[in-house]
Amino acid sequence: MKTTKISVIGVGYLGAVHAAAMADLGHDVVGLDIDAERIATLQAGRAPFHEPGFEDILARGLDADLLRFTTDYADIADADVHFLGLGTPQQADGFGADLSYLEAAVDALAEVLPARGGAPTLVVGKSTVPAGTARMLAGRLEQVEGVTLMWNPEFLREGFAVKDTLDPDRLVYGVHDTEDPVAAQAVAMLDAVYARILEREAPRLVMGYEAAELVKASANAFLATKISFINAVAEMCEVTGADVTDVARAIGMDDRIGAKFLRAGVGFGGGCLPKDIRAFLASAEENGVGEALGFLREVDAVNERRRARVVALAGEMLGDLAGRRVTVLGAAFKPLSDDTRDSPALDVACRLRAAGALVTVTRTPRRCGTPSAASADWWSSSRTPPRHCAERS
Ligand SMILES: NC(=O)c1ccc[n+]([C@@H]2O[C@H](COP(=O)([O-])OP(=O)(O)OC[C@H]3O[C@@H](n4cnc5c(N)ncnc54)[C@H](O)[C@@H]3O)[C@@H](O)[C@H]2O)c1
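What you see is a predicted model; the values in this text were computed from it and never measured.

A. Here's a closer look at the overall build of the protein. Helix and strand content of the protein: 14 helices and eleven strands. Scaling as 2.2 N^0.38, a compact globule of 393 residues should have a C-alpha radius of gyration of about 21 Å, and the protein matches this with 22 Å. Along the three orthogonal principal directions, the C-alpha set of the protein runs to about 70 × 45 × 40 Å. Evaluated residue by residue, the protein yields a buried proportion of 47% over its 393 residues.

B. Representation of the packing of aromatic side chains in the model. Enumeration according to the criterion identifies four aromatic pairs in this entry. Here Phe49 and Phe54 contribute two aromatic rings whose centre-to-centre distance is 5.3 Å and whose plane-to-plane angle is 20°, an arrangement assigned as stacked. Comparing Phe49 with Phe54 shows no difference in burial state: the two are buried. Centre to centre, the rings of Tyr173 and Tyr194 are 6.4 Å apart; their planes meet at 45°, and the pair counts as tilted.

C. Representation of the pairing of strand β4 (residues 81–84) within the structure. Side chains Val81 and Phe83 project from β4 onto one buried face, and the interleaved His82 and Leu84 project onto a second face that is buried too. One ladder, built from four bridges, connects β4 with strand β5 (residues 121–125); its direction is parallel. Its bridge partner being in β5, Val81 is matched across the sheet by Leu122. Between the parallel pair β4 and β5, the chain is carried across by helix α4 (residues 100–112), and the sense of this crossover is right-handed.

D. Just the nonpolar core, in detail. In this structure, Met22, Phe54, Phe83, Leu190 and Tyr194 are the most contacted members of the largest nonpolar core, which totals 43 residues. Broken down by element, this core gets its largest block of residues, eight residues, from helix α1 (residues 13–24). Once residues lying within four places of it in the same chain are set aside, the contact partners of Tyr194 are His18, Met22, Phe83, Lys126, Asn152, Leu171 and Tyr173.

The rules behind the values
Residues numbered from 1 in each chain as written. Predicted model: local features only at pLDDT ≥ 70, side-chain atom pairs only at ≥ 80, totals over all residues. Heavy atoms only, no water. Helix = DSSP H or I, 4+ residues; strand = E, 2+ residues; numbered from the N terminus. Rg over C-alpha atoms; globule rule 2.2 N^0.38 Å. Buried < 20%, exposed > 50% of the residue type's maximum accessible area, 1.4 Å probe, protein only. Phe/Tyr/Trp six-rings, centres within 6.5 Å; stacked < 30°, edge-to-face > 60°. Pairing = 2+ DSSP bridges. Right-handed = clockwise from strand over helix to strand, strands pointing away. Core = buried A, V, L, I, M, F, W, Y, C linked by side-chain atoms within 4.5 Å. Contact = heavy atoms within 4.5 Å.

This is the structure in structure tokens:
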């Protein structure tokens, strides 16, 4: 396999795993981030977050001298392929995606790329973005000779990120024009990077930028809708006396529906689904088809209601919550992860606290399979409210 010089810009959950995975495929990789502490942690071989298997591939890459980390864009100037793993959070004042991190990174990259003297260079976006973003960013790179931009959305699941990166169920390549020979060259370059993944016969789909962007937005919207669907059915079950697990099990047996993402509960959270459905809705509105995706507003509302319902249930069981001691077991938004971004658990903890309960949240310490009272790292929301709580109050 041909080794490619690669940079990964933005080494958060997605980018750090991607960088280590690319080194594991045998490439020569530099991970770049503006967060110096994160870079020092990764360079020291420590994972800044919990992700099964990540520390192993991180250590392998560092030991083999195929992986290093930097905060300096000059250190990535000679890479042939640059992956963009920047965050696209919800805007502070609206539902749309904040693209400023991507824009800043692309502009910083554009400054160092001329040093390559026009040699073929591929920039590959991996972040989740609204349709139109890739074309906008390609415009910012237009002046740099030899550069082509592709969009290759990431479908990894936190908790399975290493496996999903090295053994994805599909690869989607978005190009500026599927008929353009320049796009064909870019596809060949990315194929060379993913050669070992493609050997395992992962389906690889080439399409226009906008389709690739919409694949990711629609996939997340579909998953969120499925979760909110069963949670909406759960509301109906509660008032009619039906058991939603019976209903879910039976409808999930229909192949056309499937059992996954059909478990009623506290709803979805994390750094992706909530902000992605809102960004999808905002993008539809900007494009004049807000009505088409208006149902996502309801998907979001059903999801928010679940959190309130957990607190209401606690109230039904305990009576007045004021002064009652409540423990929330687990702070992350899902199992096998320590990601607390938009965590339903923390939201519920904050709502309970707002109702007067004395709340303790447990977190499983790193490298520990199961949470336990003895080994847990405790914090009390009455002592240090997380940013999440401060925002809500
Ligand atoms: N986390 C997931 O499970 C997942 C899965 C699929 C897709 N995505 C998408 O991938 C993108 C990244 O998500 P994430 O969870 O890794 O976010 P993250 O916030 O963990 O990581 C983003 C990183 O980019 C860095 N950064 C910001 N500005 C920079 C700049 N100018 N130059 C270099 N680095 C910079 C930040 O310091 C941070 O470390 C988002 O669009 C997200 O929706 C995430």
